[in-house]
Each structure stands twice: as C-alpha cells, then as structure tokens.
Amino acid sequence: MAKKTINDFKQMVEKGEKIVWLTAYDYLTAKMQEKAGVDMILVGDSLGMVSLGYDTTFPVTMDDMVRHCQAVRRGAPNTFIVGDMPYMSYQKSDEEAIANAGRLVKEAGVDSIKLEGGGELIARRVKAIQQAGILVFGHIGLTPQFMGQIGGYRAQGRSAAAAMKLVEEAKAIEEAGAFAILVEGVPAAVGKAITEKAGIPILGIGAGSYTHGQLLIYADMVGMYDNFTPKFVKKYASVGEVLTKAFKDYTEEVRKGQFPDDNEHTYKMSEAEVKEFL
Ligand code: KIV
Ligand code: NA
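Remember, predicted model here, so these are calculated numbers, not experimental data.

**Notes on the nonpolar core**
Grouped together as the largest cluster of nonpolar side chains are 70 residues, with contacts concentrated most on Trp21, Leu104, Ile113, Leu115, Phe137, Ile181 and Ile194. It is helix H8 (residues 160-176) that provides the largest number of residues to this core, a total of six residues. Setting aside residues no more than four positions away along its own chain, Ile181 makes contact with Phe137, Gly138, His139, Ile140, Ala170, Ile173, Glu174, Ile200, Pro201, Ile202 and Leu203.

**Section: the domain arrangement of the chain**
Taken domain by domain, the chain comprises domain 1 (6-237) and domain 2 (242-277). Here the C-alpha centroids of domain 1 and domain 2 sit 45 Å apart.

**A few points about unusual backbone geometry**
Backbone torsion omega between Phe259 and Pro260 reads 0°, so that peptide bond is classified as cis. Not every positive phi belongs to a glycine, and Met88 is a case in point at roughly 70°.

**Some details on the side chain of Ser112**
Mapped onto the fold, Ser112 is located in strand E4 (residues 112-114). Residue classification places Ser112 among the buried positions, given a relative accessible area of 0%. Among residues more than four places away in sequence, those in contact with Ser112 are Phe80, Ile81, Val82, Gly83, Leu135, Val136, Phe137 and Phe179.

**Points about the packing of aromatic side chains**
The relation between two aromatic rings is expressed through the spacing of the ring centres and the mutual angle of the planes. Scanning all chains against the criterion turns up eight aromatic pairs. With centroids separated by 6.0 Å and ring planes inclined at 45°, the aromatic side chains of Tyr25 and Tyr218 adopt a geometry described as tilted. Here Tyr25, found in the loop between strand E1 (19-23) and helix H2 (27-36), pairs with Tyr218, found in helix H10 (residues 218-221); they are 193 residues apart in sequence, far enough to count as distant. Tyr218 carries the same exposure label as Tyr25, and that label is buried. Between Phe137 and Phe179 the ring centres are 5.3 Å apart and the planes differ by 80°, which places this aromatic pair in the edge-to-face class.

**Notes on the site of ligand 1**
Every one of the 13 residues lining ligand 1 counts as a neighbour, but Asp45, Ser46, Asp84, Lys114 and Glu184 are closest to it. A distance of 3.1 Å is found between an oxygen atom of ligand 1 and a side-chain nitrogen or oxygen belonging to Asp84. One of the side-chain nitrogen or oxygen atoms of Lys114 is found 2.8 Å away from an oxygen atom of ligand 1. Considered on its own, ligand 1 offers 260 Å² of accessible surface; in the complex 96% of this is hidden by protein. Class assignment for the residues of the shell around ligand 1 results in five nonpolar, four polar and four charged.

**Focus on the coordination of the sodium ion (ligand 2)**
At 2.2 to 2.3 Å from the sodium ion (ligand 2) lie its protein donor atoms, namely Asp45 (OD) and Asp84 (OD). Remark: Asp84 occurs in strand E3 (residues 80-84) and Asp45 occurs in the loop between strand E2 (40-43) and helix H3 (47-50); sequence separation between them is 39 residues. The same class applies to Asp45 and to Asp84, which are both buried.

**Comments concerning the environment of Ile122**
Mapped onto the fold, Ile122 is located in helix H6 (residues 120-131). Residues Ile122 and Ile173, spaced 51 residues apart in sequence, show a C-alpha to C-alpha distance of 8.0 Å. Not counting residues up to four positions away in its chain, the partners in contact with Ile122 are Tyr90, Leu115, Glu116, Gly117, Phe146 and Ile173.

Cut-off values and rules
- Residues numbered from 1 in each chain as written.
- Chains lettered and ligands numbered in written order.
- Predicted model: local features only at pLDDT ≥ 70, side-chain atom pairs only at ≥ 80, totals over all residues.
- Heavy atoms only, no water.
- Core = buried A, V, L, I, M, F, W, Y, C linked by side-chain atoms within 4.5 Å.
- Buried < 20%, exposed > 50% of the residue type's maximum accessible area, 1.4 Å probe, protein only.
- Helix = DSSP H or I, 4+ residues; strand = E, 2+ residues; numbered from the N terminus.
- Contact = heavy atoms within 4.5 Å.
- Domains from an automatic or database assignment.
- Phe/Tyr/Trp six-rings, centres within 6.5 Å; stacked < 30°, edge-to-face > 60°.
- Near = heavy atom within 4 Å.
- Polar contact = N/O pair within 3.5 Å; in protein donor to acceptor, adjacent residues only side chain to side chain.
- Areas by Shrake-Rupley, 256 points an atom, 1.4 Å probe, with all protein chains shown as cover.
- Nonpolar A, V, L, I, M, F, W, Y, C, P; charged D, E, K, R; others polar.
- Donors = N, O, S within 2.8 Å, 3.2 Å for Na, K, Ca; no water.

This is the structure in structure tokens:
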C-alpha cells in the first residue's frame, strides 16, 4: 500500500474513517506495524522510558531521536512517520526548532514532527517550523515535557475552566499551522469538543472515542511495558510473558544440556572429514 499523505488523512476525517496510530522505536516493531496496516507510526520520546530505561522523557536527545527514527523508517518505508521533538530541542528559539525538526526530516526521513504544548511560545515554534516546510503535529493535554507544572502523570481538563483552556489551546495550535493535533489524557467530553471545533485531524490517546483517530504506546498495548499502565490502555497481548517464558525455557535447556540438539540445531561434517581432522 502507498504511504498515506496529509490529503489521505483529511479525506479519512471527511469520510468518518478512524486514523490508526501506534508508537514504534525500532526496525522490527515498525516492520510488523506496517504489515498490520497502521496508518501512522509515532517515534515518540516515550523512547526514553520504553527503550532506554529512563524514568521520564527529559533525558532523550536529538541524536537518540534521529537514530530511532532512522530504524523505524527502515522497518516501515511505506508508512507515514511522525518523529517527536525531544525536551529542549525546540523550546529555546525558532532557529534551533527549525534546525532540529529539519534533522528528523533530512537524516531520518520522517513525514512530520510533533511537539508538546499549547501556549504562546509553542504556537510560535509551530508556525516557524511549519513555515520552513515541515508538517507539524501539535500535542496538548497531558504533556509529559510539562510534568513539573502539571504535577504528575494525571488527566487534564477535568474542570470546565481547564477544559475551555484546552479547547482554546487546540485552536491556537491549529491557527499556528499544525496539520493535526494529538490530545492526550483528557475526559471524553473534552476530546469531543476539540474534535468538533477543529478544522484539522484530531488524534487522541486517553481522550475518549470521539477523536478522528487513536494512538497507543505499542509496548503498553502488547503487554511489554509493565512499570506503569494508564487507565486508557487496552492490553491486546501478553508479549512480555511470552518472551520471559521463552528466555526462561532457553536458560533451563542450556543448563540441562537439552539445547542444542545434536541433530536438529547442529552443523555436520562427513565421517571421513571428521576422521582426518581428529
Ligand atoms: O512519546 C510518545 O509516545 C507520545 C505519546 C505517549 C503521546 O508522545
Ligand atoms: Na512524546
């Protein structure tokens, strides 16, 4: 199937077809997701937790993002890829934001970049990057790079005032030139209001069923990341258990001398060669 474009996503929204989105961080996972037919892949800075073992997304660097976006691109050459801008790669200046967004496009071949926040400064960066010719994905609501100000990993927009602020932020980011927005960790009513008022695709993660599409962190939905599981995650498989069992079985078999099997897993030499050799 041909790689989808911004026009395909607009059409999907018009037809009421849901946009399917998952995160991936490596070649193998991206390859399976392309085979499964997802519409988009996000190389999120959740990379920090899922693949690199940090507690937060803060330590993730541009070099980390470039390297993992490249791997995902190699695994999914025909899928629309969004690459996250890591912490402090776009906050400082328009120039730095454009240069770093450009690296993800130029060095890793992503189709779009995503950055967090709905305030004035972020709107300026969205505009600058967009004007440089790059598709910008906004991200509002529960934005992990604002964790200190949010005061923890918790749903946003649960009061009428906070909900109204999020609707305004979505408008501001759309007006700044984002081609789509991800809304994370908000009540369904807020996801719905933002979606109905928007003129661009609104994707949701933990934002209810009314958004134009859904995102999940792949390691959550296949049961691999068990440090913490948010309420909005549905577990479609227990891959972590399957892998752990395989590692355990292998460990036992090697220790007992049951693996490798002398016939099934072993290279052979002719009797004559063995004789001469020994
Ligand atoms: O980094 C990421 O994977 C994300 C999603 C969790 C929204 O931004
Ligand atoms: Na992210």
